[in-house]
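# Structural description and commentary
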Amino acid sequence: MTEHTMTKEQTIFDHKGRSIQTEDREIQIIARLEEPLVVVLGNVLSDEECDELIAVSTDNMKRSKVGSARSVNDIRTSSGTFLDENESDIITIIEKRISSIMNIPIEHGDGLQILKYMPGQEYKEHFDFFASTSKASSNNRISTLVMYLNDVEEGGETHFPKLNFSVTPQKGMAVYFEYFYRDAHLNEQTLHAGLPVIKGEKWIATQWMRKQRFR
Ligand SMILES: O=C(O)CCC(=O)C(=O)O
Ligand SMILES: [Fe+2]
């Protein structure tokens, strides 16, 4: 018998019940899959916060297009930018909230990443953790929070092919998952994709957390 069939592994996300009370906002726990842990969350960001994150990154993306040459990436066809906490006051507020939801100090986080998908653009199946052969795996990622910044007219679901599970983007909502299990099989089940957007735009903010301090 493998380990995970005998006892459920300890998770990082330790919230129970129907909501998470953070310093400034009550987050709803809408749905959860226990192993691997995948949680759908509501009321993570206000409409104003979503709009502000899009506005701040629209400027950033324009700037980065002028500057460095963008590398062509077949896996991810969206455009994106990393925000730093000095960019806007709301980033600090949001990062605090994210840290209490994810139960990890924000110093363990990669910078908040904003992605924009136009129709036809997608993020193909991938893991958020790095392969053990890669240098980055020495301080590997352990958990992810994908926040939806707008409603997508059609398509753009976050899809977990090994779990037969999809999350429809809804403005202000989020999906959380973690992959810090001793059982490698559980980690591999967090394979996921951003399905192609069919109609409209899709904007997300992603927070990845590392095992150890990263900033
Ligand atoms: O676009 C999505 O729904 C998924 C995004 C994602 O996988 C990521 O940012 O790591
Ligand atoms: Fe991902």
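Model, not experiment: these values are computed from the prediction. (Residues numbered from 1 in each chain as written. Chains lettered and ligands numbered in written order. Predicted model: local features only at pLDDT ≥ 70, side-chain atom pairs only at ≥ 80, totals over all residues. Heavy atoms only, no water.)

## Notes on the site of ligand 1
- As a structural note, the neighbourhood of ligand 1 is formed by Tyr 117, Tyr 123, His 126, Asp 128, Thr 158, His 192, Gly 194, Lys 202, Ile 204, Thr 206 and Trp 208.
- At 2.9 Å from an oxygen atom of ligand 1 is found a side-chain nitrogen or oxygen belonging to His 192.
- Coverage of ligand 1 by the protein amounts to 100% of the 300 Å² it exposes when considered alone.
- Sorting the residues of the shell around ligand 1 by element identifies strand 6 (123–126), strand 12 (192–194) and strand 14 (202–210) as the ones contributing at least two each.
- Among the elements that line the shell around ligand 1, the one with the most residues is strand 14, at 4 residues.
- Here the shell around ligand 1 is composed, by residue class, of 4 nonpolar, 5 polar and 2 charged. (Near = heavy atom within 4 Å. Polar contact = N/O pair within 3.5 Å; in protein donor to acceptor, adjacent residues only side chain to side chain. Areas by Shrake-Rupley, 256 points an atom, 1.4 Å probe, with all protein chains shown as cover. Helix = DSSP H or I, 4+ residues; strand = E, 2+ residues; numbered from the N terminus. Nonpolar A, V, L, I, M, F, W, Y, C, P; charged D, E, K, R; others polar.)

## Comments concerning the sheet that holds strand 9 (residues 158–160)
- Ordered by their spatial adjacency, 4 strands build an open sheet running 6-12-9-10, and the pairing between neighbours is antiparallel. Because the sheet does not close on itself, it has two edges, and the strands there are strand 6 and strand 10 (165–167). Each strand of the sheet is rotated relative to its neighbour by a mean of 15°, with strand direction disregarded.
- Pairing geometry for strand 9 and strand 12, over 2 bridges, is antiparallel. Within strand 12, the position partnered with Thr 158 by the bridge is Gly 194. (Pairing = 2+ DSSP bridges. Axes fitted to C-alpha atoms, helices over the stretch in contact; angles between N-to-C directions.)

## Considerations on the coordination of the iron ion (ligand 2)
- Within the protein, the atoms that donate to the iron ion (ligand 2) are His 126 (NE2), Asp 128 (OD) and His 192 (NE2), at distances of 2.0 to 2.1 Å.
- Between consecutive donors of the iron ion (ligand 2), the numbers of intervening residues give the motif H-x1-D-x63-H. Here Asp 128 is found in the loop between strand 6 and strand 7 (141–148), whereas its partner His 192 is found in strand 12, with 64 residues between them in sequence.
- Taking relative accessible area as the criterion, Asp 128 reaches 4% and is therefore assigned buried.
- Under the relative-accessibility criterion, His 192 is labelled buried at 5%. (Donors = N, O, S within 2.8 Å, 3.2 Å for Na, K, Ca; no water. Buried < 20%, exposed > 50% of the residue type's maximum accessible area, 1.4 Å probe, protein only.)

## Things to note about unusual backbone geometry
- Here the bond from Glu 35 into Pro 36 is cis, since omega is 0°, no more than 30 degrees from zero.
- Checked against the element boundaries, Pro 36 lands in the loop between strand 2 (26–33) and strand 3 (38–42).
- Positive phi, close to 60°, is recorded for Asn 43, a residue that is not glycine.
- Along the chain, Asn 43 turns up in the loop between strand 3 and helix 2 (47–66).

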